[in-house]
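# Observations on chain architecture
One-letter residues, chain by chain:
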There are 2 protein chains.
Amino acid sequence: MKELVINNNNKILLIILDGLGGLPLDGKTELEKARTPNLDELTGKSELGLIIPVDYGITPGSGPGHFALFGYNPLEIEIGRGVLEALGLGLKLDKNTLAIRGNFATYKDGVIVSRRAGRISTEENKRLCEKLKREIKSIKGCEIEFHSGVGHRFVILIKGENLSAEIKETDPQKDGLPPYLPEPILEEGKKTSEILKILLEKSTEVLKDEKEANYFLLRGYSKVPKIENFSEKYQLKSLAIAAYPMYKGIASLIGMDVPKSPVNNWEEEIKELKENYDNYDFFYLHFKEIDIAGEDGDFERKVSLIEKFDSLLPEILKLNFSVIAITSDHSTPALLKSHSWHPVPFLLYSSFSRNNEKVKFCEKSCQKGSLGIFKATKVLPLLLAYSLRLKKFGA
Amino acid sequence: MKELVINNNNKILLIILDGLGGLPLDGKTELEKARTPNLDELTGKSELGLIIPVDYGITPGSGPGHFALFGYNPLEIEIGRGVLEALGLGLKLDKNTLAIRGNFATYKDGVIVSRRAGRISTEENKRLCEKLKREIKSIKGCEIEFHSGVGHRFVILIKGENLSAEIKETDPQKDGLPPYLPEPILEEGKKTSEILKILLEKSTEVLKDEKEANYFLLRGYSKVPKIENFSEKYQLKSLAIAAYPMYKGIASLIGMDVPKSPVNNWEEEIKELKENYDNYDFFYLHFKEIDIAGEDGDFERKVSLIEKFDSLLPEILKLNFSVIAITSDHSTPALLKSHSWHPVPFLLYSSFSRNNEKVKFCEKSCQKGSLGIFKATKVLPLLLAYSLRLKKFGA
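Residues numbered from 1 in each chain as written. Chains lettered and ligands numbered in written order. Predicted model: local features only at pLDDT ≥ 70, side-chain atom pairs only at ≥ 80, totals over all residues. Heavy atoms only, no water.

### Here we look at the overall build of chain A
Where we set the bar: Note on conventions: DSSP H or I runs of at least 4 residues are helices, E runs of at least 2 residues are strands, and numbering of each starts at the N terminus. Within these notes, the globule rule equals 2.2 Å times the number of residues to the 0.38 power, and the radius of gyration is based on C-alpha atoms. Partly exposed describes any residue whose relative accessible area lies between the buried limit of under 20% and the exposed limit of over 50%, with all areas from a 1.4 Å probe on protein chains only and scaled to the type maximum. Whether two residues are in contact is decided by their heavy atoms: any pair within 4.5 Å suffices. To be clear on the numbers: accessible area is Shrake-Rupley with a 1.4 Å probe, and residue cover counts the displayed protein chains and nothing else. Charge counting follows a simple rule: Lys and Arg are positive, Asp and Glu are negative, and His as well as the terminal groups are ignored. By convention, the point assigned to a charge is CZ for Arg, NZ for Lys, CD for Glu and CG for Asp.
Counting its secondary structure elements, chain A contains 13 helices and 13 strands. What you see for chain A is a C-alpha radius of gyration of 23 Å, in line with the 21 Å of a compact globule of 395 residues. Principal-axis analysis of the C-alpha atoms gives chain A an extent of 70 × 50 × 35 Å. The proportion of buried residues among the 395 residues of chain A is 57%. Partitioning the intrachain contacts of chain A with sequence separation of at least 6 by distance along the chain shows that 75% fall at a separation of at least 24. Counting only carbon and sulfur atoms, one obtains 48% of the accessible surface of chain A, whose full area is about 17,000 Å². Counting 56 positive and 56 negative side-chain charges, chain A places the centres of these two groups 1 Å from one another.

Here it is as structure tokens:
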């Protein structure tokens, strides 16, 4: 693949409408119900298809769903829970950072009496992390950071050389049991284990007067995985425009640029796209809220958000991209209130579309589309092909 | 995959209409010609597709066709001819059983003059096996069993420790040549080879006065393959309901339960299904006769049998399964009088179907269906997904 890639000036835009695919309610899916004149207009110049993010029957998380669209085998990339949680908080990670999920907990007479510290509030969590931050800044030459999350969950980053994720998790998995010690699983975990034991000791001292959160459990030790750089792999100078930290994090992991100042809504994302149009070859544009409506089981809100995207589309089309794909990392049917395994609508606009029939953009038209049903890992080769960035294979 | 499986109370039914797919005669396939109001009604709540049992152009035997539907790679499971023949006779096999295909033959002056003993009758075969049974019961501490089959074919089971299939077959493949000796191919076959030589010596003595079947050839030495247990692999307590021994045998090989007393026809199979509904998660229901009609080249009989199944369907639907798949292990077009490589109609009923258009259930509608054309090994992941028995992959 890499040997076939060539460079040119054709610009590619990959729009991910998170959670786009749906299931019918009263006979129509969210997409079928939505009035989308601009998307429908585009189908007449586009190839349509359905993509399978990971495999038949497999419901993908956002990570695997995105990696597949970016041309990586999602089964080969393993991202630890600590790293994922950190990306979700928008934290910067490098190869010398160990990310750990911390859960505030209540410790009494040698056992964990509440693994979630009685489900403390996010506000309380913030206060506790500030307190820990003030007292604990480094151990054995390694920088220690505390980042509060939602409820009882927070993230600890340890920054230094030769840190290892090969450590026993301390969560006993059930209330009423003693916590485990962060013992090394492999020899390479020895140094990290020592740091974590000191960390626990110091933290327990800091938290000793807390009624509920007087302890924390350590889980999901992980470092960023080694992933081939996207821009190099495909010779595409790439920019990721997303409002939510997790998606910027995923894009950063594969070496895409992200805008310096945060973009907070769809309009700002499109503004960012316009301003950076001249500086990049490949743009990943992520719209989150459609997925949230699906997760909430709010069929009508999902419909309106799809319509809202449709109304913004002409603004994007003005920019004159050579290739535009509109799809998603997974389906999120309002009916299921969760991600699902159902194939995802896929539209590919370019000057070289075989299809020229205008249809309603929806699951059914995509299923009958010129691209058929295919794996999401094939999306990137298609984007390269339609932008004339792939040489002939063989003579 | 195994890591994603969870357990719940949703019940899954996989109906295999053996040999279902067909080819058109006077413009219509068997399925297209059949009046199937109940199946057609079900399509409005089902996803349709065509499955490829093994690979493009490959005509599967019943073994590979079934293994693929049960989620096993049929290219990785090798079942010896001896084991297959034994399963077809309904024999019980365990890891200490060596199964061998025996062919009665005529031996004269050091050569095999007829490799099929002049095509003796099944009745004659029975008489000969009874005769052998009476005289030969064990050799070197290993139990010996003779089981008559069709025509000149029978099965020998040897039961004991350390038996091996690494033995030279004795069939010279052509009349007029001397039989081979059952010599060991590998060192581990030594003990088995000795037993077989004694067996041949004793049997020749028993059969010496027979005019035609005074000898037999040994082929297809095999033991049951090691296959991952289906119920454990998918956390599905599973029952196989089939009238024909081969299919019960295949299901037993992967650890499915089979009813204690035999079921002899479709009505009895459905009765069994009802009686066991509460006790299992997964039901494999096998209807054989459609395939036989196809093999006989009897287009009209195949049509009526499909119609008969359709008339029984409402009885099955009353049981309230969460997921029902209706498909086959291969096509058996009456036009070809044999199994064929043509993709197989597949229907998947559940509450989470994207499709909601009622169509005639047939090869053409399945080809245009929401699931597309896909490999039969994906059927089981889909059944798990639609029954909400698969966790999200990745976060």
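That was the structure; now back to the text.
### A few points about the relation of the copies chain A and chain B
Note the threshold: Superposing the copies works by least squares over the C-alpha atoms of residues that have pLDDT at least 70 in both of them.
Relative to chain B, chain A is turned by 122° and slid 0.0 Å along the rotation axis, the superposed coordinates differing by an RMSD of 0.3 Å. One copy is carried onto the other by what is essentially a three-fold rotation axis. In this assembly the copies use different faces: only 3% of the residues contributing to the interface of chain A also contribute to that of chain B.

### Observations regarding the pattern of salt bridges
All names here are of chain A. Our working definition: Salt bridges are defined by distance alone: a side-chain nitrogen of Lys or Arg within 4 Å of a carboxyl oxygen of Asp or Glu.
Per the stated rule, a full pass over the model turns up 53 salt bridges over all chains. R35 is the partner of E307 in a salt bridge, and the nearest nitrogen-oxygen pair spans 3.6 Å. One end of the pair, E307, is in helix α11 (residues 299-317); the other, R35, is in the loop between α1 (30-33) and α2 (37-43), and 272 residues separate them in sequence. The shortest N-O distance in the salt bridge between R127 and E210 comes to 2.8 Å. One end of the pair, R127, is in helix α5 (residues 122-135); the other, E210, is in the loop between α6 (190-206) and β8 (215-222), and 83 residues separate them in sequence. Given a relative accessible area of 37%, R127 falls into the partly exposed group. On the accessibility criterion, E210 (11% relative accessible area) is buried. Within the structure, one salt-bridge network assembled from shared partners comprises E124, R127, K131 and E210.

### Remarks on the nonpolar core
Residues and elements named next belong to chain B. Definition in use: Buried Ala, Val, Leu, Ile, Met, Phe, Trp, Tyr and Cys residues that are joined via side-chain atoms within 4.5 Å together make up what is termed a nonpolar core.
By size, the foremost hydrophobic cluster in this structure holds 59 residues, and its most contacted members are F67, F70, F230, M256, F282, Y284 and L383. Take this core: its biggest share by element is seven residues, from helix α13 (residues 379-386). L383 has contacts with I12, L14, F282, V323, A325 and L348, leaving out every residue within four places of it along the chain.

### Section: the sheet that holds strand β2 (residues 46-52) of chain A
Residues and elements named next belong to chain A. To be explicit about the condition: At least two DSSP bridges between two strands are required for those strands to pair. Only the contacting stretch of a helix is used when fitting its axis, a line to C-alpha atoms as for every element, and angles between N-to-C directions run 0 to 180 degrees.
If you walk across this open sheet you meet the seven strands as β9-β10-β1-β11-β12-β2-β13, and the pairing is mixed. Here the strands that pair on one side only, and so sit at the sheet edges, are β9 (238-242) and β13 (372-375). Sheet twist, expressed as the average angle between the axes of neighbouring strands with direction ignored, equals 20°. As judged from the five bridges shared by β9 and strand β10 (residues 282-287), these two strands associate in the parallel manner. Looking across to β10, one finds that A242 is bridged to H286. This element, helix α9 (residues 266-276), spans β1 (12-17), β9 and β10 of the sheet and lies at about 175° to β10. Running at roughly 15° to strand β12 (residues 344-349), helix α13 (residues 379-386) makes contact with β1, β2, β10, β11 (323-327), β12 and β13 of the sheet.

### Concerning the UniProt feature "domain: Metalloenzyme" (unreviewed entry) in chain A
Formally: UniProt positions are given in the numbering used here, feature names are shortened, and annotations may be inferred rather than shown by experiment.
Those residues carrying the UniProt feature "domain: Metalloenzyme" (unreviewed entry) are residues 11-384 of chain A in this numbering. Its end C-alpha atoms 10 Å apart, residues 11-384 of chain A is made of 32% helix and 21% strand.

### What about helix α4 (residues 81-88) of chain A?
All names here are of chain A. Burial analysis of α4 places six of its eight residues in the buried class, which makes it a mostly covered element. Here α4 has its buried residues at G82, V83, L84, E85, A86 and L87. Tucked into the core, α4 has its buried residues touching β3 (97-108), β7 (153-159), β8 and α8 (245-253). Just downstream of α4 lies G90, where phi reads positive at about 80°.

### Thoughts on the environment of T43(B)
Residue and element names in this part refer to chain B. To keep things clear, this is the line we draw: Side-chain atoms alone can form a polar contact between residues adjacent in sequence; in general such a contact is a pair of N or O atoms within 3.5 Å, and within protein one must be able to donate a hydrogen while the other accepts it.
Note on placement: T43 falls in helix α2 (residues 37-43). Taking the relative accessible area as the measure of exposure, T43 reaches 0% and is therefore buried. Taking the C-alpha atoms as reference points, T43 and D55, twelve residues apart in sequence, are found 26 Å from one another. At 2.5 Å, the side chain of T43 and the backbone oxygen of D40 are in polar contact.

### Brief notes about unusual backbone geometry
With phi around 50°, A117(A) is a residue other than glycine that occupies positive phi space. Along the chain, A117(A) turns up in the loop between β4 (111-114) and α5. Unlike most non-glycine residues, L388(B) shows phi in positive territory, near 55°. Take L388(B): its relative accessible area is 34%, and that puts it in the partly exposed class.

### Quick notes on the packing of aromatic side chains
The cut-off we apply is this: Pairing of aromatic rings covers Phe, Tyr and the six-membered ring of Trp, with a centre-to-centre limit of 6.5 Å; geometry is then stacked below 30 degrees between planes, edge-to-face above 60, and tilted otherwise.
Scanning all chains against the criterion turns up 35 aromatic pairs over all chains. Ring centres of F70(B) and F230(B) lie 5.8 Å apart, and the angle between their planes is 70°; on these two criteria the pair is classed as edge-to-face. Here the residue F70(B) occupies a position in the loop between α3 (62-69) and α4 (81-88), and F230(B) occupies one in helix α7 (residues 230-234), the gap between them amounting to 160 residues. For F230(B), a relative accessible area of 0% translates into the label buried. Put simply, the rings of F70(A), F230(A), Y234(A), F282(A) and Y284(A) touch in pairs and so form one group of aromatic residues.

### Some words on the packing of α4(B) against helix α8 (residues 245-253) of chain B
Residue and element names in this part refer to chain B. To be explicit about the condition: Any angle between 65 and 115 degrees counts as roughly perpendicular, while under 35 counts as roughly parallel, over 145 as roughly antiparallel, and the rest as oblique. Amino acids outside the nonpolar list (Ala, Val, Leu, Ile, Met, Phe, Trp, Tyr, Cys, Pro) and the charged list (Asp, Glu, Lys, Arg) are all regarded as polar, and Gly is one of them.
Between α4 and α8, the least distance of the axes is 7 Å, while the angle of their chain directions is 120°. By the angle class used here, α4 and α8 are oblique. Here α4 contributes L84, L87 and G88 to the contact with α8, which in turn contributes P245, M246, G249, I250 and L253. A class-by-class count of the residues in the contact of α4 with α8 yields six nonpolar, two polar and no charged.

### Examining the pairing of strand β4 (residues 111-114) of chain B
Residue and element names in this part refer to chain B. Pairing between strand β3 (residues 97-108) and β4: three bridges, direction antiparallel. Considered in β4, the bridge of Y107 is made with I112. Two successive antiparallel strands, β3 and β4, enclose a turn made up of two residues, where D109 displays a positive phi of approximately 50°.

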